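Close look at the chain arrangement
This is what each chain is made of:
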Amino acid sequence: MAELIQIKDIAQYDGQEVTVRGWVYNKTGKGRLQFILLRDGSGQAQCVAFKKEMDEAEFEIAKALTQESSVIITGSVRADERAPGFPGGFEIGISKLELVQQSEEYPITPKEHGTEFLMNQRHLWLRSNRQWAILRIRATIVKAMRDYLDDNGFLLVDTPIITPAAGEETTTLFELDYFGDPAFLAQTGQLYNEANMMAFGKVYCFGPTFRAEKSKTRRHLIEFWMLEPEIAFCSLEELMDVEEALVSYVVEQVLAKHQQELEIIERDIDKLKAITSPFARISYDEAVERLQKLHTETEDEEKKKELAIEWGEDFGSPHETALAEMFDKPVFVYHYPTAVKAFYMTPVEGRPEICRSVDLLAPEGYGEIIGGSERIHELELLEKNIDEMGLGREAYEWYLDLRKFGSVPHAGFGIGLERTVAWVCGLPHVRETIPYARLLNRKYP
Ligand code: 4AD
Ligand code: MG
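Each value, and the rule that gives it
- Residues numbered from 1 in each chain as written.
- Chains lettered and ligands numbered in written order.
- Predicted model: local features only at pLDDT ≥ 70, side-chain atom pairs only at ≥ 80, totals over all residues.
- Heavy atoms only, no water.
- Domains from an automatic or database assignment.
- Contact = heavy atoms within 4.5 Å.
- Buried area = accessible area lost by both parts, 1.4 Å probe.
- Salt bridge = Lys/Arg side-chain N within 4 Å of Asp/Glu carboxyl O.
- Polar contact = N/O pair within 3.5 Å; in protein donor to acceptor, adjacent residues only side chain to side chain.
- Helix = DSSP H or I, 4+ residues; strand = E, 2+ residues; numbered from the N terminus.
- Nonpolar A, V, L, I, M, F, W, Y, C, P; charged D, E, K, R; others polar.
- Patch = residues over 30% accessible without salt bridge, like charges linked within 9 Å, V, L, I, M, F, W, Y side chains within 5 Å.
- Areas by Shrake-Rupley, 256 points an atom, 1.4 Å probe, with all protein chains shown as cover.
- Buried < 20%, exposed > 50% of the residue type's maximum accessible area, 1.4 Å probe, protein only.
- Phe/Tyr/Trp six-rings, centres within 6.5 Å; stacked < 30°, edge-to-face > 60°.

Digging into the domain arrangement of the protein
- Parsing the protein into structural domains produces domain 1 (3-101) and domain 2 (123-432).
- Listed by partner, the interface residues are 10 residues for domain 1 and 7 residues for domain 2.
- Taken together, the two surfaces of domain 1 and domain 2 that pack against each other cover about 670 Å², and 47% of this comes from carbon and sulfur.
- Summed over the shared surface of domain 1 and domain 2, the number is 1 salt bridge.
- When the shortest N-O distance is used, the salt bridge between Arg127 and Glu68 registers 2.9 Å.
- Here domain 1 and domain 2 share 4 residue pairs in polar contact (both at pLDDT 80 or more) between them.
- Of all the secondary structure elements, the ones that give two or more residues to the side of domain 1 that touches domain 2 are β2 (17-30) and β6 (85-101).
- When grouped by side-chain class, the residues that make up the side of domain 1 that touches domain 2 number 4 nonpolar, 4 polar and 2 charged.

A word on the side chain of Gln34
- Tracing the backbone shows Gln34 in strand β3 (residues 33-39).
- Of note is the side chain of Gln34, whose polar atom sits 3.5 Å from the side chain of Lys27.

Some words on a nonpolar patch on the surface
- Taken together, the side chains of Ile161, Ile162, Tyr178 and Phe179 make up a nonpolar region of the molecular surface, amounting to roughly 450 Å² of accessible area.
- Checked against the element boundaries, Ile162 lands in strand β8 (residues 162-163).
- The exposure class of Ile162 is partly exposed, given its relative accessible area of 43%.

Digging into the packing of aromatic side chains
- For the coordinates displayed, the defined rule picks out 14 aromatic pairs.
- Measuring from centroid to centroid gives 5.5 Å for Tyr284 and Trp311, while their planes differ by 85 degrees, and the two rings are edge-to-face. Here Trp311 lies in the loop between α10 (301-307) and α11 (317-325) and Tyr284 lies in helix α9 (residues 284-297), a separation of 27 residues in the sequence.
- Taking the relative accessible area as the measure of exposure, Trp311 reaches 38% and is therefore partly exposed.

Listed below in structure tokens is the structure:
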């Protein structure tokens, strides 16, 4: 009996009879010879139906197959370097074909479709080569991030999604009715991470996070996944070391495992090969100086307007893009103004107007992919900030407890999965980096 295989393994079966199960990606040929490009989720292979070698009724079924019809095919594997597919280079000479379902007319054809149309068909669009490649790279990025931390002494400790209080700014909270009480979807796992860090030393959480952000940009999702490490007795400089090592490892793993996928999405691989530690580290002060100099030198009026910045202002996308363009690797910007960052960030000694924060900006215009900081570990200062921001101390009692029972200096960061995937894959928008994007104007399908 023929062995049931996954197409990704086809090269191991040269000369053997195999069975593959999947969907018709494309069909060409005429008369007595039909070429069926079959995808099974793991890969794609050309299956050749030759009238002479098949049952006549089965050949007629092969001839009538429509795009995305589901089939079970048995045949012999043979090497042929011209054979298309993933991995390609092998085809299957069909001896037996069973139709599972003849597909109705498939709405997504090889012709160009508009983005809105494709997003509405997202449940089907996932089957296209490009989406297949992107989401496989996403899975590898998740695995690489987790492997890196698991292998370096971190423990995965999950944090809740339903929370009683804000973790970041209150303006982007998603409110829920929790049996008559207000509750919120987590903007971050960080505050719980800090408690977990006190129990386990080095921890991370990885889960979906939510921001009711009225931003309609190519970098913003309403629901996105974030990986957040938190480390006891850690300084900002040590934190940057971890970020740098993690990001380099992620890129290295994608390059090692996804040549084929990177080719499908036409990613410039040389740009990725350049991503090795160390990354440049510049202060916010220096970043502003660089931007102001660039502003002076810029002649294009439109660009000039975008680049204008005064010390104390947060960066917008054009600033992040311009800064990142000054380097061919990701660049750290540290010590942002305290006023533009979150309530839990440690002020710099002797200069409380700036804080021990660091963002990592990705090259090629992808902007901030990581935000992190040293956390305030003294009780009084944290209480003062919570009060001043009007957050309401009651919901933070447990968080303040962490500063009463063996408080230690600590630091952590959050890396946005979708922004990382968009950058690594070189995509124009984050919407293709997640299976089902939640955007300002979209929650379907
Ligand atoms: O800079 P952020 O808001 O940092 C935090 O939430 C910290 N509590 C993390 C920590 O220190 N544990 O978000 C971190 C990252 C950003 O750099 C970005 O990559 C991603 O999360 N991110 C978003 N990604 C997609 N859509 C959005 N609306 C995002 N907001 C943040
Ligand atoms: Mg940030």
